[in-house]
Amino acid sequence: MTGDEPTDPGRPTLLEAAVAYAYELDRLNIHEVTRNSSPWIDRVLAQVNAKPGDPWCAAALFDIWLRASRACGVPNPCPKSAGALRMYSLADEKFKIGAGAARRDRSLLKPGMAFFEDHAGDPRDGIGAGHCGLVLGWTHPEMDLVRVANGNVAPADTSSREGTHFAIQNRPIEKMLAFLDFSRG
């Protein structure tokens, strides 16, 4: 079972639990105390075998799935990785949805899916720099803006992959490489 159905009527689905935890993180105002570090950030980095000071968007996403899977009583389907692009590459193929498919068929994109960006070629980020987070839904489908929850971002800059906060943002789908839908399977 991957979370498309609750394990019992009193429990949320895996995707619902992930979304609820992401909103809770936003309410907690998670932010860095020093570069890429705080007690919460250091804990989630340790969960993916990374050290304080490392980028933490993938660690935050892994933590969301870890908590959601525990709440639902199912195994965590999210690959354990400190790197966003590595996390995506390690995921089971059955969970993967390309961004092009989601742009063509908007019904494929649903709250609770993970999103991934590749910032290769962005002079601010270098080659192969990725970013990831959790889809909350379409903000403005006609404008191709997706509401997301993600870590290690500048809250007001929707194109950043390096910042100081866990934040809810509207990000352009054209920047997204792919998605993981852990309810598939």
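Look up a bit, the structure's there.
In short, a report on the structure. All of these numbers come straight from a predicted model, not from anything done at the bench.

### Brief notes about the side chain of Asn36
No. 1: Its place among the elements puts Asn36 in the loop between helix 1 (14-27) and helix 2 (39-47).
No. 2: Polar contacts involving the side chain of Asn36 include one to the side chain of Asn152, which spans 3.1 Å.
No. 3: In contact with Asn36, not counting residues within four places along its chain, are Ile41, Asp42, Leu45, Pro52, Gly53, Asp54, Pro55, Trp56, Asn152, Glu162 and Gly163.

### Observations regarding helix 3 (residues 57-72)
No. 1: When the terminal C-alpha atoms of helix 3 are compared, their 23 Å separation across 16 residues agrees well with the 22 Å that a helix rising 1.5 Å per residue should span.
No. 2: Burial analysis of helix 3 places 13 of its 16 residues in the buried class, the great majority of the element.
No. 3: Gly73 occupies a position one or two residues after helix 3 and carries a positive phi of about 70°.

### Concerning the packing of helix 1 against helix 3
No. 1: Running from N to C, helix 1 and helix 3 point in directions that differ by 125°, and their axes come no closer than 8 Å. Comparing their axes, helix 3 and helix 1 come out oblique. As for the relative orientation of helix 1 and helix 3, their crossing is right-handed in sense. Packed against helix 1, whose contacting residues are Leu14, Leu15, Ala17, Ala18, Tyr21, Ala22 and Leu25, the element helix 3 presents Asp63, Ile64, Trp65, Arg67, Ala68, Ser69, Ala71 and Cys72 at the interface.
No. 2: Along the lines of polarity and charge, the residues of the contact of helix 1 with helix 3 split into twelve nonpolar, one polar and two charged.

### Brief notes about helix 2
No. 1: Those residues of helix 2 not exposed but buried are Trp40, Ile41, Val44, Leu45 and Gln47. Across the axial projection of helix 2, the buried residues extend over an arc of 155°, all falling on one side.
No. 2: Asn49 lies just past helix 2 and shows a positive phi near 60°.

### Regarding the nonpolar core
No. 1: In this structure, Trp40, Trp65, Phe116, Leu134 and Phe166 are the most contacted members of the largest nonpolar core, which totals 45 residues.
No. 2: Looking at this core, the elements with two or more residues in it are helix 1, helix 2, helix 3, helix 4 (84-90), strand 2 (114-118), strand 3 (130-140), strand 5 (165-172) and strand 6 (176-180).
No. 3: A total of eleven residues in this core trace back to one element, the largest contributor, which is helix 3.
No. 4: Apart from residues lying up to four places away in sequence, Phe116 is in contact with Leu61, Ala84, Met87, Tyr88, His131, Cys132, Met176, Leu177, Ala178 and Leu180.
No. 5: Formed by twelve residues, the second largest nonpolar core is a distinct cluster that contains Ala102, Val135, Ile173 and Phe179.

### Let's talk about the side chain of Lys96
No. 1: Mapped onto the secondary structure, Lys96 falls in strand 1 (residues 96-98).
No. 2: When its relative accessible area of 16% is taken as the criterion, Lys96 is described as buried.
No. 3: Within the structure, Lys96 has its side chain in polar contact with the backbone oxygen of Tyr88 (distance 3.3 Å).
No. 4: Within the structure, the side chain of Lys96 is placed 3.0 Å from the side chain of Glu93, a separation counted as a polar contact.
No. 5: If near-sequence neighbours (up to four positions away) are discounted, Lys96 is found in contact with Tyr88, Ser89, Ala91, Phe179, Leu180 and Arg184.

### Here we look at the packing of aromatic side chains
No. 1: Taken as a whole, this structure holds four aromatic pairs when the rule is applied.
No. 2: Between Trp65 and Phe182 the ring centres are 4.8 Å apart and the planes differ by 85°, which places this aromatic pair in the edge-to-face class. Placement of the pair is Trp65 in helix 3 and Phe182 in the segment after strand 6, with a sequence separation of 117 residues.
No. 3: Accessibility expressed as a relative area gives 0% for Trp65, which makes it buried.
No. 4: Relative accessible area serves as the criterion here: at 0%, Phe182 is assigned to the buried category.

Here is what the cut-offs are and how they apply
- Residues numbered from 1 in each chain as written.
- Predicted model: local features only at pLDDT ≥ 70, side-chain atom pairs only at ≥ 80, totals over all residues.
- Heavy atoms only, no water.
- Helix = DSSP H or I, 4+ residues; strand = E, 2+ residues; numbered from the N terminus.
- Polar contact = N/O pair within 3.5 Å; in protein donor to acceptor, adjacent residues only side chain to side chain.
- Contact = heavy atoms within 4.5 Å.
- Expected span 1.5 Å × (residues − 1).
- Buried < 20%, exposed > 50% of the residue type's maximum accessible area, 1.4 Å probe, protein only.
- Axes fitted to C-alpha atoms, helices over the stretch in contact; angles between N-to-C directions.
- Parallel < 35°, antiparallel > 145°, perpendicular 65-115°, else oblique.
- Left-handed = near helix turned anticlockwise from the far one by under 90°.
- Nonpolar A, V, L, I, M, F, W, Y, C, P; charged D, E, K, R; others polar.
- Arc of directions from axis to C-beta.
- Core = buried A, V, L, I, M, F, W, Y, C linked by side-chain atoms within 4.5 Å.
- Phe/Tyr/Trp six-rings, centres within 6.5 Å; stacked < 30°, edge-to-face > 60°.

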